[in-house]
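An overview of the molecular structure
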Amino acid sequence: MSIFDKFQQLVEDRKALLGGGGGDPFNVVINQVLSSTEAMVNGRRTILAGTNNYLGLTFDSGCIGAARIALEEQGTGTTGSRMANGTFENHVALERELAEFFHVGSAIVFSTGYLANLGLLSTLAGQDDVILLDADCHASIYDGCRMSDAEIIRFRHNNVSDLEKRLRRLGDRTSRTLIVVEGIYSMLGDRAPLKDIADIRTKYQSFLVVDEAHSLGVLGENGRGLAEEAGVEEKVDLIVGTFSKSLGATGGFCVSRHPELEMLRYTSRPYIFTASPSPSVIASTRTALQIIKTHPELRHRLWSSTTRLYERLRDMGFILGPEPTPVIAALVETKERGVELWSQLLERGVYVNLVLPPAAPNGGCLLRCSVSAGHSDEQIEKICQAFSSFS
Ligand code: PMP
């Protein structure tokens, strides 16, 4: 027996699934990035329709300019954590700007969104506490739960009565319970029923965490996410987010109107024991946050392309997630067919995300598109045409 034997089954499964050629969907090499929505892939000009780059800001000249100045003035990296190496002024400035943006008192920047969930959940929920999470939550939320000493309970996806049933069973422990949901769910693109969940949180005196990774800059009149759109910001205790989607960089954050959030800086291992975001990342993110505030037309453009793509794919007969959002996932019955369609889309010059079980529901597979404000009408049309030959 070797330590590697456990991978044998995976090796064989992958060979069986990908043996038909078409490349490895999970190892696509982008030869050259041309813009926020186009790249050369396998030597072919390809429309990027799976980037999460919702506002197309990765090539924004203001973001690039700010990053370039920071790079030249402050260097390529911080080379350590804030606790050990110290905090750069720009970290503090971004935290202040995030807190102002969300109208709360506290904000903490993490090195990724994954670490933000890990850092928050593993530290805040301790022994005798409970985390009630939606079953469709992201892996970073599950992993944060695993790292915490709390009791972990899942409720059925977007099912408010199941959530309430489980809360009721907790008796007086509900006041030591974190309810964790997402603004827009990353796989099927559906929103959480946040108004009802916020009411339940108040009724049971629990705490509500919303991961707005896919909804920041996308939902709400000012782009603050689902909590803003649903009008329940005062009932949300903690918001987690990422810089890696609408903000076009890498990094994560948590904001709260509870000043105790600050204590994470002294207690949260995923905050303390990893290098802080590099100066150029912080600088481009600060500019991107200003753009979210001052350019609502990007959001409007994103939504008009979203509606068009969702309706066209639906009319072609694809089974999609329950509502149009910039995450548009087409369900395919088997993973073999999913790999085949995914490869054909790539050959037609359209890159989407292939999602296999267990990430995709019911043993099936998802061809997951994410729409960007950077997509032109012509690109959306080309995406539709690439899908149309399958329907
Ligand atoms: N939360 C959700 C809901 C996500 O979808 C993701 C990334 N896909 C993350 C957190 C992690 O974000 P990051 O890429 O910044 O680690």
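This text gives an overview of the structure that appears in the document. (Residues numbered from 1 in each chain as written. Predicted model: local features only at pLDDT ≥ 70, side-chain atom pairs only at ≥ 80, totals over all residues. Heavy atoms only, no water.)

Another point: the overall build of the chain. Scanning the chain from terminus to terminus reveals 15 helices and 15 strands. Relative to the globule expectation of 21 Å for 391 residues, the C-alpha radius of gyration of the chain, 21 Å, shows essentially globular dimensions. In terms of overall dimensions, the chain has a C-alpha envelope of 55 × 55 × 55 Å along the principal axes. Across the 391 residues of the chain, 53% fall into the buried class. Long-range pairs, those at least 24 residues apart, make up 68% of the contacts in the chain between residues at least 6 apart in sequence. Surface exposure of the chain reaches about 17300 Å², of which carbon and sulfur atoms provide 52%. Positive and negative side-chain charges in the chain, numbering 39 and 47 respectively, have mean positions lying 2 Å apart. (Helix = DSSP H or I, 4+ residues; strand = E, 2+ residues; numbered from the N terminus. Rg over C-alpha atoms; globule rule 2.2 N^0.38 Å. Buried < 20%, exposed > 50% of the residue type's maximum accessible area, 1.4 Å probe, protein only. Contact = heavy atoms within 4.5 Å. Areas by Shrake-Rupley, 256 points an atom, 1.4 Å probe, with all protein chains shown as cover. Lys, Arg positive; Asp, Glu negative; His and termini not counted. Charge placed at Lys NZ, Arg CZ, Asp CG, Glu CD.)

The description of two packed helices rests on the angle between their axes and on the distance between the axes. Axis separation between helix α2 (residues 61-74) and helix α12 (residues 279-294) bottoms out at 7 Å; the angle between their running directions is 150°. In terms of orientation, α2 lies roughly antiparallel with respect to α12. Judged by the twist between their axes, the crossing of α2 over α12 is right-handed. Facing G62, C63, A66, A67, A70, L71 and Q74 of α2, the residues of α12 in contact are P279, S280, A283, S284, T287, A288 and I291. Looking at the contact of α2 with α12 residue by residue, the classes come out as nine nonpolar, five polar and no charged. (Axes fitted to C-alpha atoms, helices over the stretch in contact; angles between N-to-C directions. Parallel < 35°, antiparallel > 145°, perpendicular 65-115°, else oblique. Left-handed = near helix turned anticlockwise from the far one by under 90°. Nonpolar A, V, L, I, M, F, W, Y, C, P; charged D, E, K, R; others polar.)

Spatial strand order, β1-β2-β3-β13: four strands in an open sheet with mixed pairing. The open sheet has two edge strands, β1 (30-33) and β13 (350-351), and neither has a second partner. In terms of strand pairing, strand β2 (residues 38-41) meets strand β3 (residues 44-48) through four bridges, oriented antiparallel. Bridge assignment links A39 to a residue of β3, and that residue is T46. (Pairing = 2+ DSSP bridges.)

Attention shifts here to the pattern of salt bridges. A complete count under the given rule lists 25 salt bridges for this structure. Here E164 and K203 are joined by a salt bridge, their closest N and O atoms 2.6 Å apart. Taken together, the positions of E164 in helix α7 (residues 160-169) and K203 in helix α8 (residues 194-203) put the pair 39 residues apart, joining distant regions of the chain. The partner of R191 in a salt bridge is E229, with the nearest N and O atoms 2.8 Å apart. With R191 in the loop between β7 (177-182) and α8 and E229 in helix α9 (residues 226-229), this residue pair connects regions lying 38 residues apart in the sequence. One network of salt bridges, with partners in common, ties together R82, E95, E262 and R265. (Salt bridge = Lys/Arg side-chain N within 4 Å of Asp/Glu carboxyl O.)

So, on to the state of the cysteines. In this structure the tally under the stated criterion is zero disulfides. Cysteine C145 remains unbridged, with the sulfur of C137 as its closest cysteine sulfur at 7.7 Å. Here C369 stays free of any disulfide, with the sulfur of C384 as its closest cysteine sulfur at 9.1 Å. Residue class for C369 comes out buried when judged on its relative accessible area of 1%. (Disulfide = S-S within 2.5 Å.)

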